[in-house]
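Chain by chain, the residues:
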Amino acid sequence: MSALARFFLDHGKFVCGYDKTPSELTESLEQQGIQIHFDDNSNLIPEKIKEDRSSLIIYTPAIPDEHLELNYFKNNHFNVKKRSEVLGDITRNKFTIAVGGTHGKTSTTSLITYLLTSIGIDCYALVGGIMSNYN
């Protein structure tokens with residue numbers, strides 16, 4: 001999700017979110033201007049989001065069905081999509097290299113990204129971990 005948050009932030013969108021616990025990653029996102037809260041409480045959703053029902057709400061399978069904020073968005077007819085759907089939307093009309101598997105996805109994606117950028121190909125890498133060369 002952090003890769004998607006950075007992607008949308010890089011594209012000039014207002015980004016905010018929920019996580020279960022604070023971490024170095026959430027701290028890094030907050031330093032970039034992304035608002036994050038750690039309590040499942042719909043009162044913590046920024047008014048800017050609540051006022052715009054066209055806001056894109058992205059969630060992962062890690063969010064349980066009884067999650068109060070997710071249900072707030074669903075019950076109030078926001079544009080709610082799974083992370084996999086959004087990744088498909090982003091990559092649908094672009095040349096894409098996708099890496100899957102059990103182990104080594106972040107390392108392999110990092111290597112591919114490094115190789116592409118080192119030969120001058122401008123690209124996005126939506127990675128499930130931290131790439132030290134690219135933050």
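The shown structure was predicted, so the numbers you read here are calculated from the model rather than taken from an experiment. (Residues numbered from 1 in each chain as written. Predicted model: local features only at pLDDT ≥ 70, side-chain atom pairs only at ≥ 80, totals over all residues. Heavy atoms only, no water.)

Asker: I'm lost on unusual backbone geometry in this one. Help?
Answerer: Comment: phi is negative for the bulk of residues other than glycine, and the bulk of peptide bonds are trans. Even without a glycine there, the phi angle at His77 is positive, about 60°. Within the element layout of this structure, His77 appears in the loop between α4 (68–75) and β4 (79–82). (Helix = DSSP H or I, 4+ residues; strand = E, 2+ residues; numbered from the N terminus.)

Asker: What should I look at first to understand the pairing of β4 in this one?
Answerer: Strand residues, when the strand is regular, have side chains that alternate between the two faces of the sheet. The pairing of strand β3 (residues 56–59) with β4 spans 4 bridges and is classified as parallel. Paired with Tyr59 across the two strands is Lys82, which belongs to β4. After leaving β3, the chain enters α4 and then returns to the sheet as β4, a path that is right-handed. (Pairing = 2+ DSSP bridges. Right-handed = clockwise from strand over helix to strand, strands pointing away.)

Asker: Help me understand the packing of aromatic side chains, please; the structure alone is not making it clear to me.
Answerer: Given two aromatic rings, their pairing is described by the distance between the two centres and the angle made by the two planes. Under the defined criterion, the tally for this structure stands at 5 aromatic pairs. Look at Phe7 and Phe8: their rings are 5.3 Å apart centre to centre, the planes differ by 85°, and that puts the pair in the edge-to-face class. Geometrically, the ring pair formed by Phe73 and Phe78 is edge-to-face, given 5.1 Å between the ring centres and 80° between the ring planes. One exposure class covers both Phe73 and Phe78, and it is buried. Between the NZ or CZ atom of Lys50 and the centre of the ring of Tyr72, over which it lies, the distance is 5.4 Å. (Phe/Tyr/Trp six-rings, centres within 6.5 Å; stacked < 30°, edge-to-face > 60°. Buried < 20%, exposed > 50% of the residue type's maximum accessible area, 1.4 Å probe, protein only. Lys NZ or Arg CZ within 6 Å of the ring centre and 35° of its normal.)

Asker: What should I look at first to understand the nonpolar core in this one?
Answerer: Proteins that are soluble and globular tend to have nonpolar side chains buried together. Among the nonpolar cores identified, the biggest contains 10 residues, and these are Leu4, Ala5, Phe7, Phe8, Val15, Leu29, Ile34, Ile36, Val86 and Ile90. Of all the secondary-structure elements, those providing two or more residues to this core are α1 (2–10) and α5 (83–91). Broken down by element, this core gets its largest block of residues, 4 residues, from α1. Apart from the residues within four sequence positions on either side, Leu4 is in contact with Ile58, Arg83, Val86, Leu87, Ile90 and Leu126. (Core = buried A, V, L, I, M, F, W, Y, C linked by side-chain atoms within 4.5 Å. Contact = heavy atoms within 4.5 Å.)

Asker: Help me out: how do you make sense of α4 in this one?
Answerer: Within an α-helix, residues lying three or four positions from one another point in the same direction, as the helix has 3.6 residues per turn. Of all the positions in α4, only Glu69, Leu70, Tyr72 and Phe73 are classed as buried. Considered in projection along α4, the buried side chains sweep an arc of 155° and stay on one side of the axis. Residues of α4 that are exposed and angled more than 90 degrees away from the buried face: Leu68 and Asn75. In this structure, the buried residues of α4 make contact with β1 (16–18), β2 (35–37), α3 (47–50), β3 and β4. (Arc of directions from axis to C-beta.)

Asker: What is the right way to read the confidence of the model for the protein chain from this model?
Answerer: Keep in mind that low pLDDT regions are not for reading the predicted coordinates in detail. Scored by pLDDT, the protein chain comes out at a mean of 93, with 99% of its residues at no less than 70. When the elements of the protein chain are averaged for pLDDT, helix α6 (residues 105–118) gives the smallest value, 92, and β3 the largest, 98. (pLDDT = per-residue confidence, 0-100.)

Asker: It is not clear to me how the side chain of Glu69 should be interpreted in this structure. Could you clarify?
Answerer: Along the polypeptide, Glu69 turns up in helix α4. With no salt bridge to any partner, buried Glu69 finds its closest opposite charge in Lys50, at an N-O distance of 8.8 Å. Sequence-distant contacts of Glu69, defined by excluding residues within four places in its chain, comprise Tyr18, His37, Asp39, Asp40, Asn41, Ser42 and Ile45. (Lys, Arg positive; Asp, Glu negative; His and termini not counted. Salt bridge = Lys/Arg side-chain N within 4 Å of Asp/Glu carboxyl O.)

Asker: Explain the pattern of salt bridges here, please?
Answerer: For side chains bearing opposite charge, pairing can occur when the charged atoms are close. Applying the stated criterion across every chain, the model contains 2 salt bridges. Put simply, Asp89 and Arg92 hold a salt bridge, and the shortest N to O gap is 2.9 Å. Looking at Asp89, the relative accessible area reads 34%, which means it is partly exposed. Under the relative-accessibility criterion, Arg92 is labelled exposed at 56%. Each of Lys81, Asp89 and Arg92 takes part in salt bridges that share partners, so that together they form one network.

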